[in-house]
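Inside the fold
As a plain string of letters, each chain reads:
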Protein chains: 2
Amino acid sequence: MTMRSDGDRRYTVKDVAARAGVSPATVSRVLGGTYPVAASTRTRVMRAVRELDYVANAQARALKGATSKTIAFVVNDVTGPFFAHVAQGVEKQATEEGRLCLVCTTHDDTARELAVIDLMREQSADAVILVGGGIETDEYRDRMVHLAHSLDKAGSRLVLCGRPSLGDDVPATVVEYDNEGGAYSMTSHLLSQGHRKIAYLGAHTSLTTTTARINGFTRAHTDMGLEVDSELIIEGRFLHSFGLTATRRLLAERPDVTAIFAATDMVAAGVLQALRQSDVRCPEDISVVGYDDVPFASDLYPALTTVHIPTDELGRTAVRLAIHRDEYAHNQHVVLGTHIVVRDSVAPPTIRRVRTPDGT
Amino acid sequence: MTMRSDGDRRYTVKDVAARAGVSPATVSRVLGGTYPVAASTRTRVMRAVRELDYVANAQARALKGATSKTIAFVVNDVTGPFFAHVAQGVEKQATEEGRLCLVCTTHDDTARELAVIDLMREQSADAVILVGGGIETDEYRDRMVHLAHSLDKAGSRLVLCGRPSLGDDVPATVVEYDNEGGAYSMTSHLLSQGHRKIAYLGAHTSLTTTTARINGFTRAHTDMGLEVDSELIIEGRFLHSFGLTATRRLLAERPDVTAIFAATDMVAAGVLQALRQSDVRCPEDISVVGYDDVPFASDLYPALTTVHIPTDELGRTAVRLAIHRDEYAHNQHVVLGTHIVVRDSVAPPTIRRVRTPDGT
DNA sequence: GTGAAAGCGCTAACAC
DNA sequence: GTGTTAGCGCTTTCAC
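The shown structure was predicted, so the numbers you read here are calculated from the model rather than taken from an experiment.

Rules of the game
- Residues numbered from 1 in each chain as written.
- Chains lettered and ligands numbered in written order.
- Predicted model: local features only at pLDDT ≥ 70, side-chain atom pairs only at ≥ 80, totals over all residues.
- Heavy atoms only, no water.
- Helix = DSSP H or I, 4+ residues; strand = E, 2+ residues; numbered from the N terminus.
- Rg over C-alpha atoms; globule rule 2.2 N^0.38 Å.
- Buried < 20%, exposed > 50% of the residue type's maximum accessible area, 1.4 Å probe, protein only.
- Contact = heavy atoms within 4.5 Å.
- Areas by Shrake-Rupley, 256 points an atom, 1.4 Å probe, with all protein chains shown as cover.
- Lys, Arg positive; Asp, Glu negative; His and termini not counted.
- Charge placed at Lys NZ, Arg CZ, Asp CG, Glu CD.
- UniProt positions renumbered as here; feature names shortened; annotations may be inferred.
- Salt bridge = Lys/Arg side-chain N within 4 Å of Asp/Glu carboxyl O.
- Least-squares fit on C-alpha atoms with pLDDT ≥ 70 in both.
- Expected span 1.5 Å × (residues − 1).
- Pairing = 2+ DSSP bridges.
- Axes fitted to C-alpha atoms, helices over the stretch in contact; angles between N-to-C directions.
- Near = heavy atom within 4 Å.
- Polar contact = N/O pair within 3.5 Å; in protein donor to acceptor, adjacent residues only side chain to side chain.
- Nonpolar A, V, L, I, M, F, W, Y, C, P; charged D, E, K, R; others polar.
- Domains from an automatic or database assignment.
- pLDDT = per-residue confidence, 0-100.
- Core = buried A, V, L, I, M, F, W, Y, C linked by side-chain atoms within 4.5 Å.
- Phe/Tyr/Trp six-rings, centres within 6.5 Å; stacked < 30°, edge-to-face > 60°.
- Lys NZ or Arg CZ within 6 Å of the ring centre and 35° of its normal.

**Examining the overall build of chain A**
When you go through chain A residue by residue, the secondary structure sums to 12 helices and 12 strands. The C-alpha radius of gyration of chain A comes to 26 Å, more than 25% above the 21 Å expected for a compact globule of 360 residues. Counting only C-alpha atoms and orienting by the principal axes, one finds that chain A spans roughly 90 × 45 × 40 Å. The buried share of chain A, taken over its 360 residues, is 56%. Counting only contacts in chain A whose residues sit at least 6 apart along the sequence, the fraction spanning at least 24 positions is 74%. Total accessible area on chain A stands at roughly 15100 Å², and carbon and sulfur atoms take up 52% of it. Averaging the locations of the 39 positively and 45 negatively charged side chains of chain A gives two centres separated by 9 Å.

Written as structure tokens, this is what we have:
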């Protein structure tokens, strides 16, 4: 009926023990490593292991006390370069720590996020890492606090990666990047080039990421004695298509805008495409900047000025802090730095569509 | 010493049973679902579960007969868009099938690939999916065959995703895409536009992916009675940086080349950047095409003509065939179609740097 | 419809 | 040094 070779079941310690002429316990000791075993016995056991091509049953091993040696990793969408790079950091560090990585996606579905976390709880993973901005409602926050405690009780550590802390009394590790600082620097960069009407494309009310970035955006204006035109903070999802449509509308309705701050590089890609389609030059007519510094940012045309996030470090740190939380006991909230990387998509403002020889 | 609340251990079926005033077996039956239980008992049990915030121990459950309900996924690098999208397909389908995803990376390290697969074997995953081109040596092939059998005995199914079959007698599922066909179509497209000197950038001897693509490339030439200039098949890794340097060299050494077929879109991005830096226009002076159709392909400038791979379907199919291999018993080798998507990076050839009014 | 008991594969006390 | 035994948390016969 079935295609696989049933009948010969998977070998167990018993099989190995029988073949090597020792007891199962001895086999376990040899394989475990940290126990004195006679060299001759070890040799015989190892030979039996090799001959039978034996591997231990991870479930059985995990059942017996210890942890399952896994790290769970929850993202919205593995496909986004930001997530993928954090994932890479997580995976690399997990491997170095001798852990396996469990991955789950939520696709903007809060219910699914909860379901997924329960699954992770069942797995008794060493850490459950939540990546990306969380939602900013009290209800959501309460659920997270509850989850942190549930996981803690199950022996897992909740790690918030790229989203703010839930409070000091909550058993969770937080690894953030300086979201606001990045937005501040970038906005200052634009402002100091002379831009005064900057549109922020891709605000997402109730997303923690947005809140921080808008704060930085606003503070940069305030610090220069400028005011933010709130109509220029445009809501939208972090999608290429949003950058496209929002830019078209902006072009039509707000000829005074000289720079666009896209919430993510993905959105910026859409913006650039819309500009090209409308024959608006970047950066001569309009400057464009992004956020994330994904690898293809430098392949866009023009190469995109953007905010670099230390994605790899974010992932590695998350794993490191969670696993060694005894050593890092007083360092369970870390903020990694961000910085802008200047490429070719920003220039001083000009009056759009009226090309003056110099950029004044 | 430790930060987590030790002492109160994780609840078990026993705790739930005690609280609900039933036996552990009954709790298991309620939670399992598929067994007749009195409505009143069920209610009491469910209440206890909720009150204790109980979740089952996945390891213990897996130990008892069944599978671990996980799918293992081995890629070279999660960061590449191609892998990420296949991963997404795998993850989505796995979720639909009630499975969790285990992810591992190999980073071009064959030894690590083997180690990783042993880890997966320990986990008794339902399927172990290997994504991306394999290496073409007999030794490697033999090891794969051996692994297929080992996994089969452990109750796991080996799935080769995007690489050729190991032979009909090997217990493995193969989900390929028409690698050669894509290369053939694309090359024909270029040829029919009038290009005669096409460089293939990013050949990788001993990689199965390359072999298939070069075959398609060559066959397209042959079918039109043309011959391939073997010097134009240039070795290199699938990296942006390779596209960059190889193009610079090509520009300097081979002014007769009118089109570049990049092995991947990533390489194509490097090619386009090099062209821009050298003030060579695309597609007017040189046409460029890629392979993969990653999302940012349409954001390159000019938008890239490339070969579309059904990544999502690849991942989903891999999972589906592996899990339901009894139903799909005679369909364990599937080849999904590829097709070219024409955008703006190809035009008929001109004599480079000498701009003629029409493209002859 | 429910309980008691056995056992999955492994490791950690505890003997010898 | 090595064997024996118990038990991790769960499911699943087998009784009742």
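**Here we look at the UniProt feature "domain: HTH lacI-type" (unreviewed entry) in chain A**
Residues given the UniProt feature "domain: HTH lacI-type" (unreviewed entry) here are residues 11-65 of chain A. Helix makes up 67% of residues 11-65 of chain A and strand makes up 0%, while its end C-alpha atoms are separated by 22 Å.

**Notes on the pattern of salt bridges**
In this structure the tally under the stated criterion is 42 salt bridges over all chains. Residues Arg 121 of chain B and Asp 53 of chain A are paired through a salt bridge, measuring 3.1 Å at the closest nitrogen-oxygen approach. You can see Arg 121 of chain B sitting in helix H6 (residues 110-122) and its partner Asp 53 of chain A sitting in the loop between helix H3 (39-52) and helix H4 (58-63), one on each of two chains. Judged by relative accessible area, which is 5%, Arg 121 of chain B ranks as buried. Under the relative-accessibility criterion, Asp 53 of chain A is labelled partly exposed at 26%. In this structure, Asp 126 of chain B and Arg 99 of chain B form a salt bridge, with 2.3 Å as the shortest nitrogen-oxygen distance.

**Notes on the relation of the copies chain B and chain A**
By a simple turn and slide, chain B fits onto chain A: the slide is 0.1 Å along the axis, the RMSD is 0.2 Å, and the turn is 180 degrees. Overall, the copies show the geometry of a two-fold rotation axis. Here 100% of the contact residues of chain B are again contact residues in chain A; the copies associate through an equivalent surface.

**What about helix H5 (residues 81-96) of chain B?**
Spanning 16 residues, H5 of chain B covers 23 Å between terminal C-alpha atoms, matching the ideal 22 Å at 1.5 Å per step. Gly 98 of chain B lies just past H5 of chain B and shows a positive phi near 70 degrees.

**Digging into the side chain of Glu 122 of chain B**
Note that Glu 122 of chain B resides in helix H6. No salt bridge is formed by the buried Glu 122 of chain B, whose closest oppositely charged neighbour, Arg 61 of chain A, lies at an N-O distance of 4.3 Å. Glu 122 of chain B has contacts with Arg 10, Val 55, Ala 56, Asn 57, Ala 58, Gln 59 and Arg 61 of chain A, leaving out every residue within four places of it along the chain.

**Points about the sheet that holds strand E3 (residues 127-131) of chain B**
Ordered by their spatial adjacency, 12 strands build an open sheet running E11(A)-E5(A)-E4(A)-E3(A)-E1(A)-E2(A)-E2(B)-E1(B)-E3(B)-E4(B)-E5(B)-E11(B), and the pairing between neighbours is mixed. Looking along the sheet, the strands with just one partner apiece sit at the ends: strand E11 (333-336) of chain A together with strand E11 (333-336) of chain B. Across the sheet, the axes of successive neighbouring strands diverge by a mean angle of 20 degrees, strand direction being ignored. In this structure, strand E4 (residues 157-161) of chain A lies alongside strand E5 (residues 172-177) of chain A, joined through 4 bridges in parallel fashion. Looking at E5 of chain A, one finds that Leu 158 of chain A is bridged to Ala 172 of chain A. Packed onto the sheet, H5 of chain B meets strand E2 (100-105) of chain A together with strand E1 (70-75), strand E2 (100-105), E3, strand E4 (157-161) and strand E5 (172-177) of chain B and runs at close to 175 degrees relative to E1 of chain B.

**Structural notes on the protein's contact with DNA strand D**
In the vicinity of DNA strand D, 22 residues are found, and the nearest of them are Thr 26, Arg 29 and Thr 41 of chain A together with Val 13 and Tyr 54 of chain B. The sugar-phosphate portion of DNA strand D accounts for 61% of its atoms within 4 Å of the protein, the bases making up the rest. A distance of 2.6 Å separates a base nitrogen of DNA strand D from a polar side-chain atom of Arg 29 of chain A. Mapped onto the surface near DNA strand D, the elements with two or more residues apiece are helix H2 (24-32) of chain A together with helix H2 (24-32) and helix H4 (58-63) of chain B. Among the residues making up the surface near DNA strand D, the classes are represented as 11 nonpolar, 6 polar and 5 charged.

**What about the domain arrangement of chain A?**
With domains assigned, chain A is organised as domain 1 (1-54), domain 2 (63-177 + 311-337) and domain 3 (180-304). Its C-alpha centre places domain 1 of chain A at a distance of 36 Å from the equivalent point of domain 2 of chain A.

**Focus: the protein's contact with DNA strand C**
Near DNA strand C you find 24 residues, and of these Val 13 and Tyr 54 of chain A together with Thr 26, Arg 29 and Thr 41 of chain B are the closest. Each atom of DNA strand C within 4 Å of the protein was classed as base or backbone; sugar and phosphate made up 63%. At a separation of 2.5 Å, a phosphate oxygen of DNA strand C approaches a polar backbone atom of Val 13 of chain A. The side chain of Lys 64 of chain B places a nitrogen or oxygen atom 3.1 Å from a base nitrogen of DNA strand C. Contributing elements (two or more residues each) for the surface near DNA strand C: H2 and H4 of chain A together with H2 of chain B.

**Observations concerning the confidence of the model for chain A**
Residue and element names in this part refer to chain A. For chain A, per-residue confidence averages 91 on the pLDDT scale, and 95% of positions sit at 70 or higher. Contacts from residues 1-6, a stretch scored under 50 in pLDDT, to residues over four places away or in other chains number 11 contacts. In this model residues 352-360 is a low-confidence stretch, pLDDT under 50, and it forms 20 contacts with partners more than four residues away in sequence or in other chains.

**Some words on the nonpolar core**
Counting 90 residues, the largest nonpolar core has Ile 129 of chain A together with Ile 129 of chain B as the members making the most contacts within it. Residues in contact with Ile 129 of chain A, not counting those within four places in the same chain, are Ile 71, Ala 72, Phe 73, Val 74, Val 90, Val 159, Cys 161, Ala 318 and Val 319 of chain A. If you look at the next biggest cluster of nonpolar residues, it comprises 52 residues, including Val 257 and Ala 269 of chain A together with Leu 201 and Leu 232 of chain B.

**Considerations on the packing of aromatic side chains**
All names here are of chain A. All told, the structure shown has 14 aromatic pairs over all chains when counted by the stated rule. Residues Phe 261 and Tyr 291 carry aromatic rings whose centres are separated by 6.4 Å and whose planes lie at 10 degrees to one another, so their mutual orientation is stacked. Taken together, the positions of Phe 261 in strand E8 (residues 259-262) and Tyr 291 in the loop between strand E9 (287-289) and strand E10 (306-308) put the pair 30 residues apart, joining distant regions of the chain. Relative accessible area serves as the criterion here: at 0%, Phe 261 is assigned to the buried category. Taking the ring centre of Tyr 184 as reference, the NZ or CZ of Arg 219 above it sits at 4.1 Å.

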